[in-house]
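# Structural overview
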Amino acid sequence: MNNAQEKPSLRLAIAAQSLYLINLLLLPGVTLIALLYMAWRYRNDADQLGSCHLRQSAIVSGWFILLVVGGGLLLWFILGSNPTGLSMTLLYLIVMHTGFVLLGIIGLARAISGQHFHPTPKTSCTA
């Protein structure tokens, strides 16, 4: 791939991973909507690197909502009546959120270097 073809691909991949991290760290919800819109808009794009990073960012965002938000609420409802349960819920949320942030940092580093990133099982992205 020459340099002219590589730049839009890298920009899309970096934008996808950046939106994912901004969603987790700065503007939750607002950037999730932007990320999902971009994933929908570029779903049939021939650009493998950018669309793969977009797809993976959207999938991992869904897992984040399911595991961190859903799991945190479930723990809070089950264990929230005593201080130990609240501490366990808080610890769960901190550890899970940190794990998803680390996935985003690794994904951003791979996007900057022009490599694919597959935190979920490989679907249609080729390495």
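Here the structure is a predicted model, which is why all the values come from computation and not from measurement.

## Let's talk about the side chain of His53
- Turning to its location among the elements, His53 is positioned in helix H3 (residues 48-79).
- Within the structure, the side chain of His53 is placed 2.8 Å from the backbone oxygen of Gln115, a separation counted as a polar contact.
- For His53, the residues in contact, after removing those within four places along its chain, are Ala13, Ala16, Gln17, Gly107, Arg110, Ala111, Gln115, His116 and Phe117.

## Section: empty space enclosed by the protein
- In this structure the tally under the stated criterion is one cavity of 30 Å³ or more.
- By volume, the largest cavity amounts to about 60 Å³.
- Around the largest cavity, the lining residues are Gln17, Tyr20, Gln56, Ser57, Val60, Leu103, Gly104, Phe117 and Pro119.
- At the level of elements, helix H1 (3-25), H3 and helix H4 (83-112) are the ones that each hand at least two residues to the lining of the largest cavity.
- At three residues, H3 tops the list of elements feeding residues into the lining of the largest cavity.
- Split into classes, the residues belonging to the lining of the largest cavity amount to five nonpolar, four polar and no charged.

## With respect to the packing of helix H2 (residues 30-41) against H3
- Across the interface, H2 lies against H3 with an axial gap of 9 Å and an inter-helix angle of 140°. Judged by the inter-axis angle, H2 sits oblique to H3. Of the two possible hands of crossing, H2 and H3 adopt the one that is left-handed. Residues Leu32, Leu35, Leu36, Met38 and Ala39 of H2 form the contact with H3, whose participating residues are Leu54, Ser57, Ala58, Ser61 and Ile65.
- Taken together, the residues of the contact of H2 with H3 break down into eight nonpolar, two polar and no charged.

## Topic: the confidence of the model for the chain
- Here the chain shows a mean pLDDT of 89. Residues at 70 or above account for 89%.
- Across the chain, H4 holds the top mean pLDDT of 96, while H1 sits lowest at 86.

## Looking at H4
- Between its first and last C-alpha, H4 extends 43 Å over 30 residues, near the 44 Å set by a 1.5 Å rise per residue.
- Taken residue by residue, H4 has Gly85, Thr89, Phe100, Val101, Gly104, Gly107 and Ala111 as its buried positions.
- Positive phi appears at Gly114, one or two residues downstream of H4, with a value of about 80°.

## Section: the packing of aromatic side chains
- All chains considered together, the criterion is met by three aromatic pairs.
- Ring geometry for Phe64 and Phe100: centres 5.3 Å apart, planes at 85°, overall edge-to-face. Here the residue Phe64 occupies a position in helix H3, and Phe100 occupies one in helix H4, the gap between them amounting to 36 residues.
- Overall, Phe64 belongs to the buried group, its relative accessible area being 13%.

## Topic: the nonpolar core
- Ranked by size, the top nonpolar core spans eight residues in total: Tyr20, Leu21, Leu24, Val60, Phe64, Val68, Phe100 and Val101.
- Looking at this core, the elements that each hand over two or more residues are H1, H3 and H4.
- With residues near it in sequence (within four places) discarded, Leu24 still touches Phe64, His97, Phe100 and Val101.

Procedures and definitions
Residues numbered from 1 in each chain as written. Predicted model: local features only at pLDDT ≥ 70, side-chain atom pairs only at ≥ 80, totals over all residues. Heavy atoms only, no water. Helix = DSSP H or I, 4+ residues; strand = E, 2+ residues; numbered from the N terminus. Polar contact = N/O pair within 3.5 Å; in protein donor to acceptor, adjacent residues only side chain to side chain. Contact = heavy atoms within 4.5 Å. 1 Å grid on protein atoms, 1.4 Å probe; cavity = no way out; pocket = protein on both sides within 12 Å on 5 of 7 lines; lining within 4 Å. Points joined across faces, edges and corners; volume = space filled by probe spheres on them. Nonpolar A, V, L, I, M, F, W, Y, C, P; charged D, E, K, R; others polar. Axes fitted to C-alpha atoms, helices over the stretch in contact; angles between N-to-C directions. Parallel < 35°, antiparallel > 145°, perpendicular 65-115°, else oblique. Left-handed = near helix turned anticlockwise from the far one by under 90°. pLDDT = per-residue confidence, 0-100. Expected span 1.5 Å × (residues − 1). Buried < 20%, exposed > 50% of the residue type's maximum accessible area, 1.4 Å probe, protein only. Phe/Tyr/Trp six-rings, centres within 6.5 Å; stacked < 30°, edge-to-face > 60°. Core = buried A, V, L, I, M, F, W, Y, C linked by side-chain atoms within 4.5 Å.

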